[in-house]
Amino acid sequence: MTLSLETMLQLSIILPLLATMGILATGRNPNLREGVTLATAFLLLYFVISLYHGLQQGESISVHWWELLPGLNISFSIEPLGMLFALIASFLWPVTTIYAIGYMRSHEEQNQTRFYICFAVAISSVMGIAFADNLFTLFIFYEVLTLSTYPLVTHAGTEDAKKGGRIYLGILISTSILFFLLAVISTWFVAGTLDFKLGGIFDSNVNKTVAGAILVLFIFGIGKAAIMPFHRWLPAAMVAPTPVSALLHAVAVVKAGVFTVLKVCVFIFGIDLLAVLPSTQFLLYLAGASILLASLVAMRQDNLKARLAYSTVSQLGYITLGALLATSAGVMGSSMHIATHAFGKITLFFCAGAILVAAHKSKISEMRGLGRQMPITMAAFFIASLSIIGVPPTGGTWSKWYLLMGTIETEQFILMSILMLSSLLNIAYLLPIPFHAFFSGDKSSSSNGIQEAPLASLIAICITTTGCLILFIYPQPLYDLSKAILDTSLLTNSGLTSPEPANLGITNG
Amino acid sequence: MAAPLCLFLTRPRLVWLFALIVSALAFLFSSILLEQVMTSGTIIYELGGWDAPWGIEYRIDQLNAFLLLIISAISTIVLFAADTSIRKEIPEDKHTHFYTLYLLSLAAMLGIVATGDAFNIFVFLEISSLSAYALIALGKDRRALWASYQYLIMGTIGATFILIGIGLMYQMTGTLNIDDLSRRLPEVAQTRTVFTAFAFVIVGICLKLAMFPLHLWLPNSYAYAPSIVSAFFAATATKVAIYLLIRFTFSVFGLSFSFTHLPLQLLFVTLGLVGIFVASTAAIYQSNVKHLFAYSSIAQIGYMIVGFSLTSVAGLTATLLHVFNHALMKGALFLALAAVMYRIGSTQLSQFQGLGRQMPLTMAAIVVGGLSLIGVPLTVGFVSKWYLVLAVLENGWWPVAVLILLGSLLAVVYVWRIVETAYFKPALAGSETIKEAPLTFLIPIWTLVLANIYFGIDTRLSVQVAQAAAQSLFGVSP
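Residues numbered from 1 in each chain as written. Chains lettered and ligands numbered in written order. Predicted model: local features only at pLDDT ≥ 70, side-chain atom pairs only at ≥ 80, totals over all residues.

## With respect to the overall build of chain A
- Helices and strands together make up the secondary structure of chain A, namely 21 helices and two strands.
- The C-alpha atoms of chain A give a radius of gyration of 22 Å, which matches the 23 Å a tight globule of 509 residues would have.
- Considering only C-alpha atoms, chain A reaches an extent of 70 × 55 × 50 Å along its principal axes.
- Per-residue burial for chain A yields a buried fraction of 60% across its 509 residues.
- Restricting to contacts in chain A with at least 6 residues of sequence separation, those with at least 24 account for 79%. (Helix = DSSP H or I, 4+ residues; strand = E, 2+ residues; numbered from the N terminus. Rg over C-alpha atoms; globule rule 2.2 N^0.38 Å. Buried ≥ 20, exposed ≤ 12 C-beta atoms within 10 Å, placed from the backbone. Contact = placed C-beta atoms within 7 Å.)

Written as structure tokens, this is what we have:
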């Protein structure tokens, strides 16, 4: 180990950018190009895991790049929540790349070099968001992420893609410029700093109305969290190739949104202040409404990807709700839900893409009896659905558990019933798909044997499905990280997952 | 700084080289000047050796030095591409005229900014305007003549107003030196003559500035002028007018006079905002990209006016920053348009179809420039927007802050119209031969584009200078 942790932190942001050069240079040779992408992805994963170990040993890792405007720095540091997000994203990038290789090739997509380049830039900005040390840095990478994913959404270059891209960019840019930027500047104006600090940066005697208004601006402004009424971009973005929908719109982009919400709630407002703000209650109900309405809309979608998209909108509502509950259980549930939902949803999207590639079907009504043709895919779909619903033996169980705890602790019984009701709705719109695939349909017509997706895609599906299961059986690391968000000292003391003896923790400043 | 020498050189290539060298030297000197001013304060140079109140003096403080730097830098970069572009757009025998006029115009703009004498300002203003009329009239399109004529009429009215204002001031104070004026005007501030003078000067400048209700001359003159001229003027001409506005309200009349006796603040902030919205909306409906960016310029002037009307150090800093940043954006955008003009002979939006693939570098430049206009982080546009909104919040005008941000959403719309046309529509039939612009275009375009990004990331130079200039203006006129 010759690289210091600080170097690795910087590399995890720069590396994907460097990779774009490699991808561009090897663009003519698909094998080499994808090799470069994969190598970068694994290297990044290695860096992030090393950083994780560093964090466990209690080292405080931070990097200061430069001062963009007086008092406003581009700087990075590592804390548990960001670590969690970075781990998920960097783990799922290589998996998605494997999937994409299979998908893009068998689908004979055009402009694959551009695709991989934009993908790498998006990952780089996700890393920037995850490790951002202040709101300003986060905002910058947030915008870069929006712009770098635009070419991915419009990849097909058709009229539909253009329309989808227009909605995508229109909503994300409008909300971020109109509300988010205003909220950031107001925060800077009121608090005089934008550095993330546990417990918040506002004065304890700050004007509650002003802070409440800023909170509303934040929640509306972070359009990537897809809180209704600013959720339309997510279904619109589904015109993208499936790997993009999978990684970016189940993991990177939407999770960047809710991650930012969590960051703002915990590190800008602080949960103590959040609990007493007048607008919190209103926003909680808004998130609740978003959960319920999106689930209802999802039931009526026949296009599989559109149904998954609305399901995502609903699930993102859970995370926002958990953050706004302003209790430790809520925050924990939210952060765990980031991880469990990521694994569940990416699997579902992978399956949707596999069905499209192998059976050329995108409508749910056409998928009856498909289970006999694609048994592995459909089994994976079933398991991932369970995880989204939140029943054992899948990871989704834990996060929903803590979210429910949070609502009970704060005696928000209406919200609690919304969560329960929504879980029922999840069952209603997800489970019929695998059931019909396996048990109904004309048996004779689909007798053309097993015809699965390309091998590379199948491997990716299996990895993420296993992930869903592992998160149930072995949630300890996830639990530790989530628990440590509100109390960093817990991470080093728990020692359960730390392979090194605890005495290295002395270096903690 | 002037160079009528050009006339003697008949070989076009030589003239170009000469102009380029002159402009580059001007750039060099203004960088040195800025450096000196920042370290040692105001520099005064007395023309002809006469003492200040009698002779004409050149007075360089942070504000002038900043503007000098912007103008000469843009001029140099634009000139770099001039040779290639002009060959295509202007007949061979007029090249010498072109460069002569160009240098005259450059010299006059630098003169306006540098001089410390009110009448001298008027003289330089006339020189720059006259050469501008002629430059615009050189445009290939016959409509250029009409545009030039429009500009001539409006410009002359503006200049006359300024002259009347200056005349009235001279009548009241007996001096034309700006420094002197600022000392003597307060004594007679309450007279009707001074009010009249103020009104004439401000209206005259606003005409030159193309501030919202007085903007009608601008779109056509930018659109039909030779591309290089559009690039040069779009990046510099209105900046000079902004400078005059600041100079007259702050240095000459003084802050307390300008803003307490007249409802100027309310007037400017309203006109600025209305300008942003009207011009941005107009930009959305243009079918010629040059027109589109011309309207966007008017909208950007609206931002500067809003910042200016805040009458705070922060507001003025934002305005000055935007002057600098907007010069970078519009310089890059209009140069890229010049490259498009060079290759396809038109800047109609419909002709942009498929250009994303045929001229990737030029189009990428337009995209980055456009992002900068919108104010996306890591571009200069973001820096100005940040300062402007912050300054507005400082005054407690949060509805204005919302409106400013709404205005930038309109920019998203008009920029994206270009992006969608260039990248999503198939190339027009028969346009397969279109190639990327030659290097003489790409180098200056990308110099400006990279400057857009560089100064969006490393803001020390622009912010420091703008802040210093704003502070010194408030220091001069408390």
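Having seen the structure, we can now continue with the description.
## Notes on the overall build of chain B
- If you tally the helices and strands in chain B, you get 19 helices and two strands.
- Residues counted as buried form 60% of the 478 residues belonging to chain B.
- Long-range contacts, defined as pairs at least 24 residues apart, comprise 80% of the intrachain contacts of chain B with a sequence gap of at least 6.

## Considering unusual backbone geometry
Residue and element names in this part refer to chain A.
- The backbone of histidine 360 shows a phi angle near 55°, a positive value even though the residue is not glycine.
- Within the fold, histidine 360 resides in the loop between helix H13 (328-359) and helix H14 (370-373).
- By C-beta crowding, histidine 360 is classed as exposed, having 8 other C-beta atoms within 10 Å.
- Unlike most non-glycine residues, glutamate 411 shows phi in positive territory, near 60°.

## Observations concerning the confidence of the model for chain B
- Mean pLDDT over chain B works out to 80, with 89% of the residues at or above the 70 mark.
- ipTM for the predicted complex: 0.78, alongside a pTM of 0.84. (pLDDT = per-residue confidence, 0-100.)

## Side note on the packing of helix H3 (residues 95-114) of chain B against helix H4 (residues 118-137) of chain B
All names here are of chain B.
- Between H3 and H4, whose axes approach to 8 Å, the crossing angle comes to 150°. It follows that H3 is roughly antiparallel to H4 by the angle criterion. Seen along the crossing, H3 lies across H4 with a hand that is left-handed. In contact with Leu101, Tyr102, Leu104, Ser105, Ala108, Met109, Gly111 and Ile112 of H3, H4 contributes Ile121, Phe124, Leu125, Ile127, Ser128, Ser131, Ala132, Ala134 and Leu135. (Axes fitted to C-alpha atoms, helices over the stretch in contact; angles between N-to-C directions. Parallel < 35°, antiparallel > 145°, perpendicular 65-115°, else oblique. Left-handed = near helix turned anticlockwise from the far one by under 90°.)

## Quick notes on the interface of chain A and chain B
- Contacts between the two partners involve 18 residues from chain A, matched on the other side by 20 residues from chain B.
- Classifying every residue of the side of chain A that touches chain B by side-chain character gives 13 nonpolar, three polar and two charged. (Nonpolar A, V, L, I, M, F, W, Y, C, P; charged D, E, K, R; others polar.)

## Re the packing of helix H7 (residues 208-221) of chain A against helix H11 (residues 278-299) of chain A
All names here are of chain A.
- For the pair H7 and H11, the least separation of the axes is 7 Å and the interaxial angle reads 25°. Judged by the angle between their axes, H7 and H11 are roughly parallel. Where H7 abuts H11, its residues Lys208, Thr209, Gly212, Leu215, Val216 and Ile219 lie against Pro278, Ser279, Thr280 and Leu283.

## Quick look at the environment of lysine 239 of chain B
- Along the chain, the position of lysine 239 of chain B falls in helix H9 (residues 227-252).
- In this view, lysine 239 of chain B contacts Leu67, Ile70, Val323 and Ala327 of chain B; residues no more than four positions away in its chain are not counted.

## Here we look at helix H5 (residues 143-173) of chain B
- Compared with an ideal rise of 1.5 Å per residue, which puts 31 residues at 45 Å, H5 of chain B spans 45 Å between its outermost C-alpha atoms and is within 8% of the ideal.
- Once H5 of chain B finishes, glycine 174 of chain B follows within two positions and takes phi at roughly 75°, a positive value. (Expected span 1.5 Å × (residues − 1).)

## Topic: the nonpolar core
- Ile88 and Ala89 of chain A together with Phe66, Val78, Ile136, Leu335 and Ala338 of chain B are the most contacted members of the largest nonpolar core, which totals 392 residues.
- In contact with alanine 89 of chain A, not counting residues within four places along its chain, are Ile123, Val126, Ala130, Val251 and Ala252 of chain A. (Core = buried A, V, L, I, M, F, W, Y, C linked by C-beta atoms within 7 Å.)

## Thoughts on the pairing of strand E1 (residues 62-69) of chain A
- Relative to strand E2 (residues 72-77) of chain A, E1 of chain A runs antiparallel, the two being bridged by six bridges. Bridge pairing in E2 of chain A places leucine 69 of chain A opposite leucine 72 of chain A. (Pairing = 2+ DSSP bridges.)

## Notes on the confidence of the model for chain A
- In this model, chain A carries a mean pLDDT of 80, and residues with pLDDT of at least 70 account for 93%.
- Counting interchain partners and residues more than four positions distant, the pLDDT-below-50 stretch residues 493-509 of chain A has 23 contacts.

## Quick word on the environment of isoleucine 374 of chain B
Residues and elements named next belong to chain B.
- Residue placement: isoleucine 374 occurs in helix H15 (residues 360-374).
- Considered as a pair, isoleucine 374 and valine 415 are 41 residues apart in the sequence and their alpha carbons are 8.1 Å apart.
- With residues near it in sequence (within four places) discarded, isoleucine 374 still touches Gly381, Ser408, Ala411, Val412 and Val415.

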